[in-house]
Each structure stands twice: as structure tokens, then as C-alpha cells.
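So the chains spell out like this:
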Amino acid sequence: DIVELAGAENVLANAADGYLALDWAEALARRPEVVVLFHEEDDHPLDVAAWRRDRGWTGVVIEAGITPGRNLIHDGPTLTDTARWLRGELERAG
């Protein structure tokens, strides 16, 4: 899991589904320090401000997308670049 490669703990790592339907209440109950959001900005852009507002999330959000080195769902040669990028984002988030 790329989140673990980056030095963090995925609070939903025990979910059995590859693309799970996120239960936001369950995720919040696990008290995450950071939320990592992935979206495909060319086909499925995400309004992060609206996402925060709709869920009442005031914590740290790290946005990942389809840019090489920031693509959480690509398991090719840029995977290690993505892990390094995510580690840096997590460190900046404190």
C-alpha cells in the first residue's frame, strides 16, 4: 500500500474491497490525522472545498491526481516517485 510506503497508516487498510464505497462516519471514527483524496482532474474533477464543507472536515487534505509522481492508483515506474511525494506532503502536514 502506497500510504504505508510513504510512512503513514491507512485507517481503512482492513477494508476488503479494492475500490470501497467510503463510509465517511466510519472513517472519522478511526480518527485520521490527514485525508488523502484522489481524483482524475481531467475526467472527474473534485471540488475539494465543497467536499470539505459537505463532510465538515477541517483537517489536513492532501490532493492526489493523475500527474505522474502523484498518482496513487498507478503501479508503474512512477510508484516510488509517488511514495516520495506523499511522504513529503505528510511531513509538511505535520
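Residues numbered from 1 in each chain as written. Predicted model: local features only at pLDDT ≥ 70, side-chain atom pairs only at ≥ 80, totals over all residues. Heavy atoms only, no water.

### Focus: the packing of aromatic side chains
- Enumeration according to the criterion identifies 2 aromatic pairs in this entry.
- Arranged with centres 5.0 Å apart and planes meeting at 75°, the rings of Trp-24 and Trp-51 form a pair that is edge-to-face. Note that Trp-24 is positioned in helix 2 (residues 24-29) and Trp-51 in helix 3 (residues 48-55), a separation of 27 residues in sequence.
- Geometrically, the ring pair formed by Trp-24 and Trp-57 is edge-to-face, given 5.8 Å between the ring centres and 80° between the ring planes. Of this pair, Trp-24 sits in helix 2 while Trp-57 sits in the loop between helix 3 and strand 2 (60-64); the two residues are 33 residues apart in sequence, bridging distant segments of the chain. (Phe/Tyr/Trp six-rings, centres within 6.5 Å; stacked < 30°, edge-to-face > 60°. Helix = DSSP H or I, 4+ residues; strand = E, 2+ residues; numbered from the N terminus.)

### Quick notes on the nonpolar core
- Judged by nonpolar contacts, Ile-2, Val-3, Ala-6, Ile-62, Ala-64, Leu-72, Ala-83, Trp-85, Leu-86 and Leu-90 together constitute the single largest core of 10 residues.
- At the level of elements, helix 1 (2-5), strand 2 and helix 4 (79-93) are the ones that each hand at least two residues to this core.
- Examining the composition of this core, we find that 4 residues originate from one element, helix 4, more than from any other.
- Here Ala-83 is in contact with Ile-2, Leu-5 and Ala-6, once residues within four sequence places are set aside.
- Counting residues in each nonpolar core, the second largest holds 9 residues, with Ala-27, Leu-37, Trp-57 and Val-61 among its members. (Core = buried A, V, L, I, M, F, W, Y, C linked by side-chain atoms within 4.5 Å. Buried < 20%, exposed > 50% of the residue type's maximum accessible area, 1.4 Å probe, protein only. Contact = heavy atoms within 4.5 Å.)

### Some points on a negative patch on the surface
- Together, Glu-41, Asp-42, Asp-43 and Glu-63 give the surface a local cluster of negative charge.
- Mapping Glu-63 onto the fold places it in strand 2. (Patch = residues over 30% accessible without salt bridge, like charges linked within 9 Å, V, L, I, M, F, W, Y side chains within 5 Å. Areas by Shrake-Rupley, 256 points an atom, 1.4 Å probe, with all protein chains shown as cover. Salt bridge = Lys/Arg side-chain N within 4 Å of Asp/Glu carboxyl O. Lys, Arg positive; Asp, Glu negative; His and termini not counted. Charge placed at Lys NZ, Arg CZ, Asp CG, Glu CD.)

### Quick word on the pairing of strand 1 (residues 34-38)
- Residues of strand 1 alternate between two faces, with Val-35 and Leu-37 buried on one and Val-34, Val-36 and Phe-38 left unburied on the opposite face.
- Across 5 bridges, strand 1 lies against strand 2 in parallel orientation. Within strand 2, the residue paired with Val-34 across the bridge is Val-60.
- Crossover strand 1 to strand 2 through helix 3 is right-handed. (Pairing = 2+ DSSP bridges. Right-handed = clockwise from strand over helix to strand, strands pointing away.)

Distances and angles like these do not, on their own, reveal function.
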